[in-house]
Amino acid sequence: MTKGAGVEIVKKREVLALVCLEFSSWTEFQSRMYHYAAFPKDFLWGVTSSAYQIEGGWEADGKGASIWDTFTHQKPSSIPENATGDVACNSYSGVQQDLDLIKTLGVKSYRFSISWPRLFPNGTTAEPVNPKGLDYYNALIDGLLSLNVAPVVTLYHWDLPQALQDDGGWKNENIIKLFNGYAEFCFKTFGDRVRFWITFNDPFTVAWKGYGSGEMPPNLKADPGTAPYHVGRILLKAHATVYHTYQTYRPTQKGLVSIALNGDWYEPLDVNVPRDLEAADRAMQFRLGWFAHPIFKNGDYPEAMKFQVAAKSDLQRLKESRLPALTEDEKAMIRGTADVFCLNHHTTKIAKSSTQQLTPHSYQYDWDIMEQELTHFPQTGLKGQRAVSWGLRRVLNWIKLEYGDPEVYVTDNGVATERKVSDDDSARVFFLKTYIDEALKAQSLDGVRLRGYLGAPLMDGFEWLQGYTVGSGLIHVDFTNSTLPRTHKYSSQLYQGIVKKNGFPPGEDETLVERFTSSSKRLHQPQVGVQFGSVPPLY
């Protein structure tokens, strides 16, 4: 490890320590104190969804198969109740119904994803576009604009055309050109009406869970120590290529391009123990920094990540690190390829230093940490996910300090509850109120440049490996009824109120309480990373 690399690792640990120490000394009362204030007037409120989770119509009108179609159709199925996204919410045949739901919420934006195989069944623009798929997305975008709702479009939310997977998927560098062609078609076709693009949703899941642990399609797990890093590099290059392609359209379309990164928070077991601070920092760098550091910092992987994988590879008697080095040209191409920071956040865990095994070679073991749950916080409908709202404030502050104070949008912050919970979802009400209030604290007390919250899922849908056993939406969908009736949950009414009031504006009593109890300090911003200027409003 070079002297410069060692210095950067120490600086990274200091950033995490600064965030942790800012809050760790607080009393429980201070941590749980509710903050009353409003977000800025131009704050972007929205709801979110993804194609495979809600569209259905899996082979309707010429749509091609995706890797999720292939996965869920396998027998025996690993999805509870042999569930699939074949029908899901049937949004493909019910655009107006979805638009009516969005209208009732009073939001300013709707994040959805385009199904690549619905437009191009085999994944390549060399074939004619599927006209029915094109009609669907045009109708959705035009309908949103008629409601004065801004479309926020994700180009890839995990549903790769199966034809491309048959040719190697994200392990084959040829996919960069194909993804860029698909993205450019979308810019040409929808860009006159779409001003916010997200290239990938959570590339960590694609690289690790798809090509490492094998939990998610394409379910490859033969090479967990090398394949995820190789795929991660290709995803970074694909994202950067698309970002640069958009530069051709930016002068006329004036839109934003980013990537949605998963940023769950890792709290040190003991902030006063250097090894635990280092462990928490490694966890943040391996999970969020893997993609954020190259894009928002210097075009390269975090030094802590490079050092850790190189050290493990050396102990494994390998000739070179399993983390492939990025060339100087690749670094230059990747650096700065996001106009804003898009954050997905769901939970917080404790990180403790722990030397992990050397065999088999695995990205998971490279971290050298042990995760622990905060068991005194509420359990959500997903195993391993607890509702720890203050983690959102911490990670927003970490992004501010680590990545040069970019403008931030929370693009996914859903919580799963058991299927038996229909309209009376008090757990989701608690989750939304506390998490959004922590985001408000980060924005109004800590100076985080938070520009929008699009994190609430619109309606229940196909919840990936859980099928339909849990629901995450503001709208309940009855999947036992063939007509798929929708019902507003209590949380949707709460969210409508938050949106309408633009946060939690104080009443007279709350103002008095805030005057005597608010003691939060503003974190100081170090001059690091890429500096981002302000961006124009979406409409």
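Residues numbered from 1 in each chain as written. Predicted model: local features only at pLDDT ≥ 70, side-chain atom pairs only at ≥ 80, totals over all residues. Heavy atoms only, no water.

**Q** Pulling in residues and values, what's your account of the overall build of the chain?
**A** Along its length, the chain carries 20 helices and 17 strands. The contacts of the chain with a sequence gap of at least 6 include a subset with a gap of at least 24, amounting to 79%. When the accessible surface of the chain is summed, it comes to about 20,900 Å², and 52% of that surface belongs to carbon and sulfur atoms. (Helix = DSSP H or I, 4+ residues; strand = E, 2+ residues; numbered from the N terminus. Contact = heavy atoms within 4.5 Å. Areas by Shrake-Rupley, 256 points an atom, 1.4 Å probe, with all protein chains shown as cover.)

**Q** A description of the pattern of salt bridges should follow, citing residues and the corresponding values.
**A** Tallied over the entire structure, the rule returns 29 salt bridges. Among the salt bridges present, the one from D42 reaches R451, with a minimum N-O distance of 3.5 Å. A residue pair is termed long-range when its members are at least 10 positions apart, and D42 in the loop between β1 (37-38) and β2 (44-48) and R451 in strand β13 (residues 450-457) qualify at 409 residues. Judged by relative accessible area, which is 13%, R451 ranks as buried. Residue E407 is joined to R451 by a salt bridge in which the shortest nitrogen-to-oxygen separation is 3.1 Å. Residue E407 is found in the loop between α17 (390-402) and β11 (408-412), and its partner R451 is found in strand β13; the two are separated by 44 residues along the sequence. Accessibility classification places E407 together with R451 in one group, the buried group. Three or more residues are tied together by salt bridges with common partners; here these are D42, D405, E407, R449 and R451. (Salt bridge = Lys/Arg side-chain N within 4 Å of Asp/Glu carboxyl O. Buried < 20%, exposed > 50% of the residue type's maximum accessible area, 1.4 Å probe, protein only.)

**Q** Please set out the sheet that holds strand β10 (residues 369-372) residue by residue, giving values where relevant.
**A** Taking strand neighbours across the sheet as the criterion, the 3 strands line up as β7-β9-β10 in an open arrangement whose pairing is mixed. A strand with exactly one partner marks an edge of an open sheet, and here the two such strands are β7 (265-268) and β10. For this sheet, the mean inter-axis angle between neighbouring strands, taken without regard to orientation, is 40 degrees. Judged from the 4 bridges that link them, strand β9 (residues 348-353) and β10 form a sheet pairing that is antiparallel. The residue of β10 that forms the bridge with K352 is M370. (Pairing = 2+ DSSP bridges. Axes fitted to C-alpha atoms, helices over the stretch in contact; angles between N-to-C directions.)

**Q** Run through the sheet that holds β13, naming residues and quoting values.
**A** If you trace the 8 strands once around the closed barrel, you get β2-β3-β4-β5-β6-β8-β11-β13, paired in parallel fashion. Mean inter-strand twist for the sheet, computed between neighbouring axes without regard to direction, equals 25 degrees. Bridge analysis of strand β4 (residues 150-156) against strand β5 (residues 196-201) gives 3 bridges, and the strand direction is parallel. Considered in β5, the bridge of Y156 is made with F200. Relative to strand β8 (residues 341-344), α17 is tilted by about 155 degrees, and along the sheet it contacts β8, β11 and β13. Along the sheet face, helix α18 (residues 426-444) touches β2 and β13 and points at about 170 degrees away from the line of β13.

**Q** How would you sum up the packing of aromatic side chains? Please name residues and give values.
**A** Tallying each qualifying case throughout the model produces 52 aromatic pairs. Centre to centre, the rings of Y363 and W367 are 5.8 Å apart; their planes meet at 90 degrees, and the pair counts as edge-to-face. Accessibility classification places Y363 together with W367 in one group, the buried group. Just above the ring of Y92 sits the side chain of R118; from NZ or CZ to the centre is 4.2 Å. (Phe/Tyr/Trp six-rings, centres within 6.5 Å; stacked < 30°, edge-to-face > 60°. Lys NZ or Arg CZ within 6 Å of the ring centre and 35° of its normal.)

**Q** Explain the packing of helix α10 (residues 203-211) against helix α13 (residues 274-298) to me, using residue names and the numbers behind them.
**A** Look at α10 against α13: their axes get within 10 Å of each other, and the N-to-C directions meet at 120 degrees. By the angle between their axes, α10 is oblique relative to α13. For the pair α10 and α13, the sense of crossing is right-handed. Facing α10, whose interface residues are P203, F204 and A207, α13 presents R287, W290 and F291. Across the contact of α10 with α13, the residue classes tally to 5 nonpolar, no polar and 1 charged. (Parallel < 35°, antiparallel > 145°, perpendicular 65-115°, else oblique. Left-handed = near helix turned anticlockwise from the far one by under 90°. Nonpolar A, V, L, I, M, F, W, Y, C, P; charged D, E, K, R; others polar.)

**Q** Tell me about α13, and please be specific about residues and values.
**A** Relative to the 36 Å expected for 25 residues at 1.5 Å per residue, α13 spans just 26 Å between its end C-alpha atoms, considerably shorter than the ideal helical length. Across the 25 residues that make up α13, a large majority, 21, are buried. The positive-phi residue at the C-terminal boundary of α13 is G299, with phi of around 85 degrees. (Expected span 1.5 Å × (residues − 1).)

**Q** Pulling in residues and values, what's your account of the side chain of Q308?
**A** Mapped onto the fold, Q308 is located in helix α14 (residues 303-315). Not counting residues within four places of it along the chain, the set of residues in contact with Q308 comprises R282, F286, D366, W367 and D368.

**Q** Pulling in residues and values, what's your account of the side chain of K237?
**A** Structurally, the position occupied by K237 is in helix α11 (residues 227-246). By relative accessible area, K237 is classed as buried at 12%. Setting aside residues no more than four positions away along its own chain, K237 makes contact with E173, I176, E330, M333 and I334.

Purely geometric numbers; function is a separate question.
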